[in-house]
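Here are the chains, one letter per residue:
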Amino acid sequence: MMTEKELVIEDIITDAMATPSPAKSMGDPGITPLSPTHILNDSEENETTRHPYVVVVAIDFGTTSSGYAYAFTKEPECIHTMRRWEGGDPGVSNQKTPTTILLTPDKKFHSFGYAARDFYHDLDPTESKQWLYLEKFKMNLHTTANLSIDTDLHAANGKKVKALDIFAYALAFFKEQALKELSDQAGSDFDNADVRWVITVPAIWKMPAKQFMREASYKAGLVSRDNPDQLIIALEPEAASIYCRKLRLHQMVDLGNKTALNGYSPTENVGMGMTQGDRYVVVDCGGGTVDLTVHQIRMPEGHLKELYKASGGPYGSLGIDYEFEKLLCKIFGQDFIDQFKIKRPAAWVDLMIAFESRKRAATPDRSNPLNINLPFSFIDYYKKFRGHSVEHALRKSNVDFVKWSSQGMLRMNPDAMNALFKPTIDHIIQHLTELFDKPEVTDIKFLFLVGGFAESPLLQQAVQKMLQGRSRIIIPHDVGLTILKGAVLFGLDPSVIKVRRSPLTYGVGVLNRFVEGKHPPEKMIVKDSTRWCTDVFDTFISADQSVALGETVKRSYTPAKPSQQVIVIHVYCSEKESVSFITDPGVRKCGTLKLDVSGTESPAARREIQTLMQFGDTEIRAMAVDVATSRSVKASIDFLSQ
C-alpha cells in the first residue's frame, strides 16, 4: 500500500518524447525533462523597477557580535551605523553589540547584547541557573547536519531551546531597535513596510541555513511570507567586496607599507583605482567562519563577477577560545571545567570576557606576559571541587608558559597566547594557499582582510608571510563594520553582482531510454516493453559553474493524473562537478521542489508545467507556469529537513 505522498511522487514521470513514460519501480521518481534549456533573462528589468522602499536596513548577525546599519534610498551614499550601545568592554570597540541573548526562566525574551550579559552577570548564582543565556550560537546553523525548523540549541545552563525561537527573538530585537531609531529621526512612527531588510550570512553556508534565517525573519515579523522580496539574504564576503571596491585611499591601511595610504588625493578609489578586469580576493575573518571570495571588477559600472566558488570553513576567532578552554582543561581537568560551566555559568562568561580582551592584545613581537583575571568563584569552586588550590594545580600541571601571579591572575607568556592562535591561523593560511593555487585565481591585485578577526596582528603577519608580495593586502579602517556597510549597499542595488559560481551541483533523478553500453544493466527497468534507465541525474547546474543574475534553468513536468493536486520532486546535490546517477557517492537529497497544480485543470490532454529555477542569486528560487493556460503555478523549493 503506497502512501498518498509516494503516489504523488511516483506520478510525476514524464518523458522527453512527450509520451507518458511508465511508472517507475519503488524508490525515487524518475522525471524525464521535456526541455532542458538554459535561458538568460535580461536582468536589466529588475533595475528599472526601482523598489518603493524608503530605507534599507542591514543586520549583520554575527557569531560573536551583531549590529545594524541603514541608508535612505534618496541618499544612498550616506550610510548610518546604529547608535552607540550602552555597556561595552574595556579594550573592545562597541559599535556592534555581543550576540548574546537572555530568556527568562519561562523562556520569554528578556534582553540582548550587553544588556543581556550585564543582567545575567548580576543575577544571584542560584537564580542564574534558571535563566537561559545563549551566546555564539550562530555557528550551529552551519554545523548541524540535518538542520530543521525543530533544531535545538543549548543555553549556558544546559537547557534546550528551539533555535528558530532564538534567531527570531534576536531579529525582532534588531527590528525594534532600528525602527525606533528611524522613528526618532523622522519624528513620527516609521512604517516597517517602507523598509527593505537585508540579513548577512556566511557565503559557505548551505541552502538550509539560509532558508532557516528567512524562516526566523518571518517569525520575527521582519517581513511576511506574502512579501518575501522585502528581505534579501546577503553573503558576508560579497557585502565586504561591494564596500571595499568603493574605498577611498584614506579609509584603509596597506599592510605593505603599514600606513594609512596618504599622500594621494583622498577621493581616489582603492589603491590607485580599481580598473577594468582587476581581480581581488576578500578574506572575511569573523568569529565563527572564514569566507574567501574571488571577484573581478567589470567597468564602467563596476559590476562584480565571481571567479571561483566561495570557500572557507569554521575557522573564525572562536577557535582561539576553544584552544583556551582546552588549555584550562589541561591545567584544571576537563571534569572540573564541564562542572564549572554548568554550575557557575555567569562566572564562566566573565572568564571568557577577560580572555577576549587579552586575546586582542596578542601581537607577534610582544615580550611581556598577558594577565587573565580568574573570577573569584572559579578559585573558590575549584578548591571545593578538588580540595586544593588553583595555584597548586598550576604548579602540578605540565603547562609551561602559564603561571599563577600573586594578584590572583593567570599569567600567560606571549608564546603561550600565540600558540592558542596557531591552529586557527594555520587553517586559514592552508585555505588561502589552496585558493591561490587554483588556475582561476591568478593575477590577484588586492587581498582585502575584513571581519573582526582581521584586526589581529598575528593573522595579518601570517597572511603577509604567505603571500610574499604577490598581492597588496588592504585592511579597511572600520574593518568590523565593512560587512554591515556593504550589506546596505547591496540592499540598495542587489544587481551589482552580475555573475556568481554555484557552490554545488544540483539536479533531480529522471528516467531515460536505456542505451546499451552507456547505462549500467542493473539500472534497467522494463515497462510496457520499453527499456528505461532509472536514477539518472538530470543536472540543473554544476558546482563552480558560472551563472548570471536572472539566468534560469527550465524544465517541464507533467502530472500523471488530471486530478493530481501537487507535484513533489526531490532535489539532489553533490560537491562533485559531474554526476551521472542520483546513487553516485557524495550525492544526497537536499531539498524538495513542490508545484501546486490545484486549480489549474485544463482541457488539454496532458498538462505541461514549465518550471524555471534561478541559481544566480544568493538564494535558489523556483517559478512555474501552466503552459496551456499561461497561468502561474505556485512553486516552492524547500531545503530544510522535514
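Remember, predicted model here, so these are calculated numbers, not experimental data. (Residues numbered from 1 in each chain as written. Predicted model: local features only at pLDDT ≥ 70, side-chain atom pairs only at ≥ 80, totals over all residues. Heavy atoms only, no water.)

**So, the packing of helix 9 (residues 318-332) against helix 14 (residues 414-436)**
Here comes step 1: Packing of helix 9 against helix 14 leaves a shortest axis separation of 8 Å and a crossing angle of 135°. Comparing the axis directions of helix 9 and helix 14 gives the class oblique. The interaxial crossing formed by helix 9 with helix 14 has right-handed handedness. Residue-level inspection shows Gly-319, Ile-320, Glu-323, Phe-324 and Leu-327 of helix 9 in contact with helix 14, the latter providing Leu-420, Phe-421, Pro-423 and Thr-424. (Axes fitted to C-alpha atoms, helices over the stretch in contact; angles between N-to-C directions. Helix = DSSP H or I, 4+ residues; strand = E, 2+ residues; numbered from the N terminus. Parallel < 35°, antiparallel > 145°, perpendicular 65-115°, else oblique. Left-handed = near helix turned anticlockwise from the far one by under 90°. Contact = heavy atoms within 4.5 Å.)

**Describing the sheet that holds strand 8 (residues 132-135)**
Here comes step 1: Strand order in this open sheet of three strands is 7-6-8, and the pairing throughout is antiparallel. Of all strands in the sheet, those with a lone pairing partner are strand 7 (109-112) and strand 8, marking the two edges. Neighbour-to-neighbour, the strand axes of the sheet open up by a mean angle of 20°, direction not taken into account.
Here comes step 2: Judged from the three bridges that link them, strand 6 (residues 100-103) and strand 7 form a sheet pairing that is antiparallel. The partner of Ile-101 across the bridge, within strand 7, is Phe-112. (Pairing = 2+ DSSP bridges.)

**Here's the deal with helix 11 (residues 345-359)**
Here comes step 1: Given a rise of 1.5 Å per residue, 15 residues ought to cover 21 Å, and the 21 Å separating the end C-alpha atoms of helix 11 matches this to within 8%.
Here comes step 2: Every buried residue of helix 11 is listed here: Pro-345, Ala-346, Ala-347, Trp-348, Val-349, Leu-351, Met-352, Ala-354, Phe-355, Glu-356 and Lys-359. (Expected span 1.5 Å × (residues − 1). Buried < 20%, exposed > 50% of the residue type's maximum accessible area, 1.4 Å probe, protein only.)

**Examining the sheet that holds strand 18 (residues 370-373)**
Backbone hydrogen bonds are what pair the strands of a sheet, in a parallel or an antiparallel way.
Here comes step 1: Taken in spatial order, the three strands make up an open sheet running 18-20-19, and their pairing is antiparallel. In this open sheet, the two edge strands, each paired with only one partner strand, are strand 18 and strand 19 (402-405). Taken pair by pair, the neighbouring strands of this sheet meet at an average axis angle of 30°, ignoring direction.
Here comes step 2: Relative to strand 20 (residues 409-412), strand 18 runs antiparallel, the two being bridged by four bridges. Residue pairing for strand 20: Asn-371 is matched across the bridge by Arg-411.
Here comes step 3: Sheet strands touched by helix 9: strand 18, strand 19 and strand 20. Its angle to strand 20, the strand with the most contacts, is close to 110°.

**As for the side chain of Arg-214**
Here comes step 1: Mapping Arg-214 onto the fold places it in helix 7 (residues 207-220).
Here comes step 2: Of the residues examined, Arg-214 reaches a relative accessible area of 10% and is grouped as buried.
Here comes step 3: Excluding residues that lie within four positions of it along the chain, Arg-214 makes contacts with Pro-228, Leu-231, Ile-233 and Glu-619.

**Focus on the pattern of salt bridges**
Here comes step 1: Tallying each qualifying case throughout the model produces 28 salt bridges.
Here comes step 2: Its salt-bridge partner being Glu-356, residue Lys-359 comes within 3.1 Å of it at the nearest N-O pair. A residue pair is termed a helical-turn pair when its members lie 3 or 4 positions apart in one helix, as Lys-359 and Glu-356 do in helix 11 at three residues.
Here comes step 3: Connected through salt bridges with shared partners, the residues Lys-136, Asp-321, Glu-356, Lys-359 and Arg-360 form a single ionic network. (Salt bridge = Lys/Arg side-chain N within 4 Å of Asp/Glu carboxyl O.)

**Side note on the environment of Ile-242**
Here comes step 1: Along the chain, Ile-242 falls in helix 8 (residues 236-244).
Here comes step 2: Residue Ile-242 is classed as buried on the basis of its relative accessible area, which comes to 1%.
Here comes step 3: Spatially, the C-alpha atoms of Ile-242 and Phe-490 are 7.2 Å apart, while their sequence positions differ by 248 residues.
Here comes step 4: Residues within four places of Ile-242 in sequence aside, it is in contact with Leu-304, Gly-486, Leu-489, Phe-490, Val-496 and Ile-497.

**Comments concerning helix 6 (residues 163-186)**
A turn of α-helix holds 3.6 residues, and therefore any two residues three or four places apart point the same way.
Here comes step 1: Helix length check: helix 6 (24 residues) gives 34 Å between terminal C-alpha atoms against 34 Å at 1.5 Å per residue, within 8%.
Here comes step 2: Backbone geometry just after helix 6 places Gly-187 at a positive phi near 80°.

**Concerning the confidence of the model for the chain**
Atomic detail in the predicted coordinates should be set aside for any region of low pLDDT.
Here comes step 1: On average, the chain scores 85 in pLDDT, and the residues at 70 or more come to 86%.
Here comes step 2: Between the elements of the chain, mean pLDDT differs from a low of 29, seen in helix 1 (residues 4-10), to a high of 97, seen in strand 11 (residues 195-201).
Here comes step 3: A low-confidence stretch, residues 1-50 stays under pLDDT 50, and its non-local contacts, those more than four residues away or across chains, total 127 contacts.
Here comes step 4: Segment residues 259-268 is flagged for pLDDT under 50; beyond a separation of four residues in sequence, or across chains, it makes 20 contacts in the model. (pLDDT = per-residue confidence, 0-100.)

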